[in-house]
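Structural features, examined
Take a look at the letters that make up each chain.
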Amino acid sequence: MSSWKDVLREEREKPYFKELQLFLDKEYATQTIFPARNEIDSAFQMSAYDDIKVVILGQDPYHGEGQAHGMSFSVKPGVRIPPSLRNMLKELEDDLDCPLPANGYLEKWAEQGVLLLNTVLTVRAGAANSHKGMGWETFTDAVIQKLSNRHKPIIFVLWGKPAQSKIQLIDTEKHMILQAPHPSPLSAYRGFFGSKPYSKINVQLMVWGEEPIDFCL
């Protein structure tokens, strides 16, 4: 069994990652940064490297108070469901007849091997993309490549152009790629609604002899 700690040990020793940590030391000391520092690695803590079945790739953490907690698209119970996530849950209702949940906490997905990965893992309060270009992309590209190198296949869910640009990091002969427009209100009606990602994921998992994901929250 490989743990994320083992898989990412070398990456975390690289000069760029150490520089990123120094940048974060300063940011957390002087700014309001989301998620809380102890939650940056939540996605990795929830789903072991060997157990990942699905990767849902997001971009930037939510930058509103109390929203980001280290898993892409997810918010904890009691936090208002953001628009993109609301559209994801609407599509889930349409696709698998899952009733709309009371909250947007996706922990249940993560526990079943869905890695909810953002390409940038931190953000300043109220300032989208404020930690873009500081080193996180290099790190999360390495995460995607390490998953791609894994023997057991994975379903990569890439919504929107930024996520789809990561296809070059993935062995598409071994893994399955699911693409659609982003679920944000700006693009959901351009093909996200009706794309039925959840049922497609489960059909493919069963083809591979894997347990399907219980997506209903």
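Quick summary incoming for the structure in this document. Since the model is a prediction, treat every value here as computed from it, not as a measurement. (Residues numbered from 1 in each chain as written. Predicted model: local features only at pLDDT ≥ 70, side-chain atom pairs only at ≥ 80, totals over all residues. Heavy atoms only, no water.)

A closer look at the packing of helix α1 (residues 4–13) against helix α2 (residues 15–30)
To be explicit about the condition: Structural elements are reduced to axes, namely lines fitted to C-alpha atoms, with helices fitted over the stretch in contact, and the angle between N-to-C directions of any two is expressed from 0 to 180 degrees. By definition, any uninterrupted DSSP run of H or I lasting at least four residues is a helix, any uninterrupted run of E lasting at least two residues is a strand, and each is numbered from the N terminus. Orientation labels follow simple angle bins: below 35 degrees gives roughly parallel, above 145 gives roughly antiparallel, 65 to 115 gives roughly perpendicular, and whatever is left gives oblique. Pairs of residues are marked as contacts when any of their non-hydrogen atoms sit within 4.5 Å.
Packing of α1 against α2 brings their axes to within 5 Å, and their N-to-C directions diverge by 80°. Put simply, α1 runs roughly perpendicular to α2. Residues E11, R12 and E13 of α1 form the contact with α2, whose participating residues are P15, Y16, F17 and K18.

A look at α2
Rules: Each residue after the first adds 1.5 Å to the expected span of a helix. Throughout this description, buried means an accessible area under 20% of the type-specific maximum (1.4 Å probe, protein chains only), exposed means over 50%, and partly exposed covers the range between. By construction, the arc corresponds to the directions joining the helix axis to the C-beta atoms.
When the terminal C-alpha atoms of α2 are compared, their 23 Å separation across 16 residues agrees well with the 22 Å that a helix rising 1.5 Å per residue should span. Turning to α2, its buried residues number three or more, namely Y16, F17, L20, L24 and E27. Down the axis, α2 shows its buried residues gathered within 90° of arc, on one side only. The exposed residues of α2 that point more than 90 degrees off its buried face are P15, E19, L22, K26, A29 and T30.

What to know about the sheet that holds strand β5 (residues 155–159)
Counted only if it meets this: By the convention used here, strands pair only if DSSP detects at least 2 bridges between them.
Here four strands make up an open sheet; going across it, the order is β3-β2-β5-β6 and the pairing parallel. At either end of the open sheet lies a strand with only one pairing partner, and these are β3 (114–118) and β6 (176–180). On average, each strand axis in the sheet is inclined to that of its neighbour by 20°, with strand direction left out of account. As paired elements, strand β2 (residues 54–58) and β5 share four bridges and run parallel to each other. Paired with I56 across the two strands is V157, which belongs to β5.

A short note on the nonpolar core
The condition is simple: Among buried residues, those of type Ala, Val, Leu, Ile, Met, Phe, Trp, Tyr and Cys that are joined through side-chain atoms within 4.5 Å constitute a nonpolar core.
One finds W4, W109, L115 and L147 to be the most contacted residues of the largest nonpolar core, which totals 62 residues. Those residues in contact with L115 that sit more than four places away from it in its chain are W4, A43, F44, S47, I52, V54, V55, I56, V143 and L147.

Some remarks on the packing of aromatic side chains
Operational definition: Side-chain rings of Phe, Tyr and Trp (the six-membered ring for Trp) are treated as a pair once their centres are within 6.5 Å; stacked means planes under 30 degrees apart, edge-to-face means over 60, and tilted covers the remaining angles.
Taken as a whole and judged by the stated rule, the model has 14 aromatic pairs. Between W4 and Y49, the ring centres sit 5.2 Å apart and the planes meet at 80°, which makes this aromatic pair edge-to-face. Of this pair, W4 sits in helix α1 while Y49 sits in the loop between α3 (42–46) and β2, and the two are 45 residues apart along the sequence. Taking relative accessible area as the criterion, W4 reaches 7% and is therefore assigned buried. A ring pair is formed by F17 and F139, whose centres lie 5.0 Å apart and whose planes are at 40°; its orientation type is tilted. On the criterion of sequence distance, the pair formed by F17 in helix α2 and F139 in helix α6 (residues 136–148) is long-range, its members being 122 residues apart.

So, the pairing of β3
When you tally the buried positions in β3, you get five out of five residues, the bulk of the element. Alternating residues of β3 divide into V114, L116 and N118 and L115 and L117, and every residue in both groups is buried.

Topic: the packing of helix α4 (residues 83–96) against helix α8 (residues 197–207)
Here is the rule we go by: Think of it as three bins: nonpolar holds Ala, Val, Leu, Ile, Met, Phe, Trp, Tyr, Cys and Pro, charged holds Asp, Glu, Lys and Arg, and polar takes everything else, Gly as well.
Between α4 and α8, the shortest axis-to-axis distance is 8 Å and the interhelical angle comes to 60°. Overall, the two elements α4 and α8 adopt an arrangement that is oblique. Packed against α4, whose contacting residues are M88, E91, L92, D95 and L96, the element α8 presents P197, Y198, S199 and N202 at the interface. The residue inventory of the contact of α4 with α8, partitioned by class, reads five nonpolar, two polar and two charged.

Notes on unusual backbone geometry
That bond from F34 to P35 is cis: its omega, -10°, falls within 30 degrees of zero. Tracing the sequence through the fold places P35 in the loop between β1 (33–34) and α3. Phi is positive for F73, which is not a glycine, with a value near 70°. Along the chain, the position of F73 falls in the loop between β2 and α4. Note on F73: relative accessible area 8%, which makes it buried. In the Ramachandran plot, D97 falls in the positive-phi region, its phi being about 60° despite a non-glycine side chain. Looking at the secondary structure, you find D97 in the loop between α4 and α5 (107–111).

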